[in-house]
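Spelled out from the first residue to the last, the chains are:
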Amino acid sequence: MKAPKLFLKPLLFMVVIFGMISVVSSVTFGNRLKREMTREYESKALALAGSMAESDIVTILSRDAGSVQARIDQYKQIAGVSYVLVADEHGEILAHTFVPDVPPAVRALVSKTRDLPGDEYILRDIVDGDSRYLHVARPILSGLAGYVHIGMDSEIIATHIREAVVEQQLVTLILFAASLIIAFIFIMNISKPLNLLAEYAGRVANKDFDSVPEINSHDEVGQLAHAMRSMAWHISELVSNLEERVRSKTQELKEARDALRQKVESRTSELLRANTQLKIEIAERKVIGEALRKAERKYRTIFENALEGIYQTSPSGRFLSANPSLARILGFKSADELMGSVYDIGTQMYMEPQRRKEFLRLIEETGEVKNFVSKVRRRDGRIIWISENARRISDSDGAVMCYEGSVEDITLRKKAEDQLKRQAFHDPLTGLPNRALFLDHLRMAMERGRRRKHLFAVIYMDLDRFKVINDSLGHETGDELLRNVARVLEKCGRTVDTIARFGGDEFAILLEEISAPRDTIAIARRILEGVRQPFTINGNEVFTSASLGIVLKTDGYDRPEALLRDADTAMYRAKEHGKARFKVFNQKMHDQALRLMALETDLRRAVDLREFEVVYQPIVCLDTRRVCGFEALVRWRHPEHGVIMPGDFISLAEDTGLIYSIDNLVLVEACAQVKHWQSTFGARMGEHLTLNINISGKHFGQPLLLSQVTRALGDSGLHPESLNIEITESALMDNPAMAEEVLKQLKILGTKVCIDDFGTGYSSLSYLQRFPIDVVKVDRSFIDGVEGNLDSQAIVRTVFTLGQSLGLKVVAEGVETPDQLAFLEREGCRYVQGFLFYKPLSAGEVDELLSGGSIGS
Amino acid sequence: MSAAFTGANSEMGIEFYRGLMAYIDHFNKQGGASGWKISVIPANDGYNPLPCFKNTVDFVERDDVFALFSYLGTPTTTHILPLLQKFKERDTYLLFPLTGAEPMRTEPFGKYVYNLRASYFQETGGLVDNLVRVGRKRIAVFYQNDAYGRTGWDGVRRALARNGLALAADAAYQRGVPYEHDFTAEVAHIMAAEPDAVICVGTYASQAAFIRDLRDAGHDTPVAGVSFSDSDKMLEILTLEERRTGRSYTNNLICSQVVPCYEDLSLEGVRFYRELMDNYEGSDVVSSQNYSPRRFSYVSFEGFLNGIMLGEIIKRMADAPSRDRIPEVMNSIRDFDLGIGELVTFGPNRRQGLDTVYYTTVVNGHFQPIRDWTGWNR
């Protein structure tokens, strides 16, 4: 049930009144209670004190503190009593109930009481810490026997008052709630008929004059109801009169209106038809227009947002329209600014005015231009590269209306292309052109030479000892040296010349437009001189020199590669002749080159046809004068030139890579042969035969070698201990780390390692310790010299001493005279090979030798 | 007999009972006095006055006992004194209560009580005199807030006044607190006055607790206690505490006793006591309690002597024992030898048989008589 609004004010009123009643009654009640209880406690305390003072007078007089204590302990148990204290007439405390001691406030009162006259008593409120006490002091025998002090707990009074006030307020609250309910019922009784009347008034306004509310009270509400009822009756009469008149007039109007309506209807239907027609037309146009706008928006968006610049230009060189990207590319703030500023594209945009003409020419010829790359100047003056695609727009008569195209900023791409181009044709270390560019220039020079009289020369250059510098001073120093050399070459050359680095320490110089060969020679001398000067690199003075090969007669070459090859050949010839010099390529060299080429061809065939045969030079043990092994040597039986010694084809074989096959061929054949001898001639002399195989330095570096040796040993059944792999000092020292690894692998296989031509190369002996070497061969050049040359004698002697101390087997090769042998024997040599004993023998000869048993010299 | 067999002072009651029963059993076994045997009715009052009062009324009205005997404690015993007056028509006398309080010895009720032991006034007076003599003039009192504590407090005060001195400080405590109670505030209150010595008038539990907190606070001030503090139990508590914490609690302790040291085998009474105690087989008065009896103690010795005295009284009226003959028999006791080196004498004006106070201190964990006070010189 919703409370009537009339109820709000009485509610507020009651809250205020009851609140006031509650507060006032609590205060007055609490005060009265406090007064009463305090009085009660006071009288209680006084009565107790009096009782004590009189009834225990004997105990107190006897000053028996224990007895007094026993008494006051009993008093303390009385409700409300907090403490009891008895003092004598001098204020000396006789007994008390405090724990642990008498509080100062009480003690002060006790001493004050001493001065109390007669039978008066003291009544005080005492506060001790959190507690309040009602303190009563009463004299005993008018103070002659002392005083009794009793403390009543005031807190109990306060608790009582609190409880009483709460009770009081609870009653007030209940009364308040009851009054509230009664008032609510009263107000409901008043508001209900008023509500009914209000609803009725509402209905009368809606012309509902029936359903009069039944209100029969005789008070003000009843009168109001009666007045309303009569008012409603009057209104209802008035309304019905008015309605009647309105009805008759309405009828007349209706007839007139019907006539009019018929006329209007016929006109309207005509208009409707016309209208429908129009509407259809409008709708159609709307659809078309919308589609057009959509398409226009779409293309506009593409135009505005395209990354490429898009434009229309007039044939006269103005922009007719341009998109924001074009303005951006050309450095304008907006397309409008671009169109306003540029009135002649040819002069204002292109760096080269001919570009516009070219553009117009192309577009007139083909109707379009594609990837039209030009340099243009931006508004801020910066030069950029652009690429244009455009086409001509003509009207129906074929007359040019405008050109339409797109522009792309390709500056970055262009730069990247240039960079790539440069990288592709230049040596990054020295910045010089590389071989490709050099060949290109050379090709052009050759072409020019073919067309007109144009003299040019080619110099091929290689630094001497560069590898040593690189190895000993480091790659950085090597690189720096190359850069320095490049600068020297640039200084020596002229602007028309092309100076290129081919990689490594190889350079090539193309000298153009020379008047006479001596110009070239002069330049070559300058280069030699320049390179010979010391270079200061990282604080070190580095000396080097160069060998130059020159081709002066440059006509008659078809291919630039051939020309370069001849320059290279000349350069090698210069090196052969002692370095730090130049050689001009001549006919002789040409012939030699041709021969070499022919030999190469033959050698390839020889490998295919196995035109090689193995001969065996016996190694003699001087202790027994018996053959104890063989060095396998290769011979090429050329079908035309007869037998060719290894010295004439091995370097060629190394250059062409045929050496691997040749070495392997010898290895396989010799292994099988020696095994054969070992088993054929058995215990008598064959089984200890050893085999020395020469392995080229180039071959030594190949991983292939190990597998070849393994296979040869496996196939032949030769014991690995019987096989000596002979290599040169230089093969070891070219790449010591690799050599060490290969030697280790060979040792694992079980073969022995022999150093050929010991003493000719590096004088460092440390490698004898570093590498697992078994045999050393003293080079024949030293053996040759032992007759008379003291140096050679010393060297040979040293080698034997060294061999002994390091536990190496030392073999002297090339022993040809008895004197040599005598010297060697004197020096403790145990193994020799040479013509003095045997020249290299064919397998058949060895068969004879071994079977005949004719061994020894 | 009403005594505390439970609560904070229970062990005292138990020891007291054991001591007196050791003799009473012996007495009865020996055939009593002309066939008269003694029966002791023990009642527990828990060291509280009201139960003690009720026990007394029951003893008189229900059990019609021969005498009230060996009550224990001042507040309890003091509380029943008016009953003696009330039942004076029935010649109800209180024999040898274990208390040194004055009301037992003075008017109006002293005439119904016969004491054996020296009074608290004598104990405290002796302690004060001895302490003052060695220069310890600032004396504080820690006491129980009841008639017992007040009597001890009064005794100290009077003894000091006799020497022209006043109390340095005093602090009371609530009766019945256990040993675990924290007395640091009371220690601080007393030590604020910087006393030369503290006399405790309390029970073993409270006194031990006070000594513990005093020593924990770093004071080595001598502490003296009276006989009622059951020094044996107190020493046991403090020794346990020493063992637990590793600190020292038993130095500078003085205990006054009203019976001689039970270790003094030169005394015939002591030998007799020890013999009977070792042979005592009586059941404990409170069976449920988890308590292992002490072999010997001052309290049981006092009970034992009480027993002898009671036996002597019965012997002296063995022809016809009756309550009304008690004053006559008591007055006849002159120079009676308990075998403790001091003779017992009662008379019309002498209601206390013994006057000697013995002073002991703890040496190496055991009580020894004090022969020389100069150790506490100041």
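Summarised in this report is the structure supplied together with it. (Residues numbered from 1 in each chain as written. Chains lettered and ligands numbered in written order. Predicted model: local features only at pLDDT ≥ 70, side-chain atom pairs only at ≥ 80, totals over all residues.)

1. Describing unusual backbone geometry
- For the bond from A:V99 to A:P100, the omega torsion is -5 degrees, close enough to zero to count as cis.
- If you trace the backbone, A:P100 turns up in the loop between β2 (93-96) and α4 (104-113).
- Of note in the backbone geometry, A:N371 takes a positive phi value of approximately 45 degrees without being a glycine.
- Along the polypeptide, A:N371 turns up in strand β8 (residues 368-377).
- According to the C-beta neighbour criterion, A:N371 is exposed, with 9 such atoms within 10 Å.
- Notably, B:F96 is not glycine yet its phi reads approximately 50 degrees, a positive angle.
- Relative to the helices and strands, B:F96 resides in the loop between β4 (94-95) and β5 (113-114).
- Judged by the 27 C-beta atoms lying within 10 Å of it, B:F96 is buried. (Helix = DSSP H or I, 4+ residues; strand = E, 2+ residues; numbered from the N terminus. Buried ≥ 20, exposed ≤ 12 C-beta atoms within 10 Å, placed from the backbone.)

2. Quick word on the interface of chain A and chain B
- Counting from both sides, the interface comprises 15 residues of chain A and, opposite them, 23 residues of chain B.
- Top element by residues in the side of chain A that touches chain B is helix α3 (residues 65-76) of chain A. It accounts for 6 residues.
- Classifying every residue of the side of chain A that touches chain B by side-chain character gives 7 nonpolar, 5 polar and 3 charged. (Contact = placed C-beta atoms within 7 Å. Nonpolar A, V, L, I, M, F, W, Y, C, P; charged D, E, K, R; others polar.)

3. Side note on the sheet that holds strand β7 (residues 169-173) of chain B
Residue and element names in this part refer to chain B.
- Strand order in the open sheet formed by 7 strands is β7-β6-β8-β9-β10-β13-β14, and the pairing between neighbours is mixed. This sheet does not close on itself; its edge strands, each paired only once, are β7 and β14 (366-369). Adjacent strand axes in the sheet meet at a mean angle of 25 degrees when their direction is disregarded.
- Across 4 bridges, the pairing between strand β13 (residues 358-363) and β14 is antiparallel. When the sheet's bridge partners are listed, T360 is paired in β14 with P369.
- Against the sheet, helix α4 (residues 120-133) touches β6 (139-144), β8 (197-201), β9 (223-225), β10 (253-257) and β13, its axis set at about 140 degrees to β10. (Pairing = 2+ DSSP bridges. Axes fitted to C-alpha atoms, helices over the stretch in contact; angles between N-to-C directions.)

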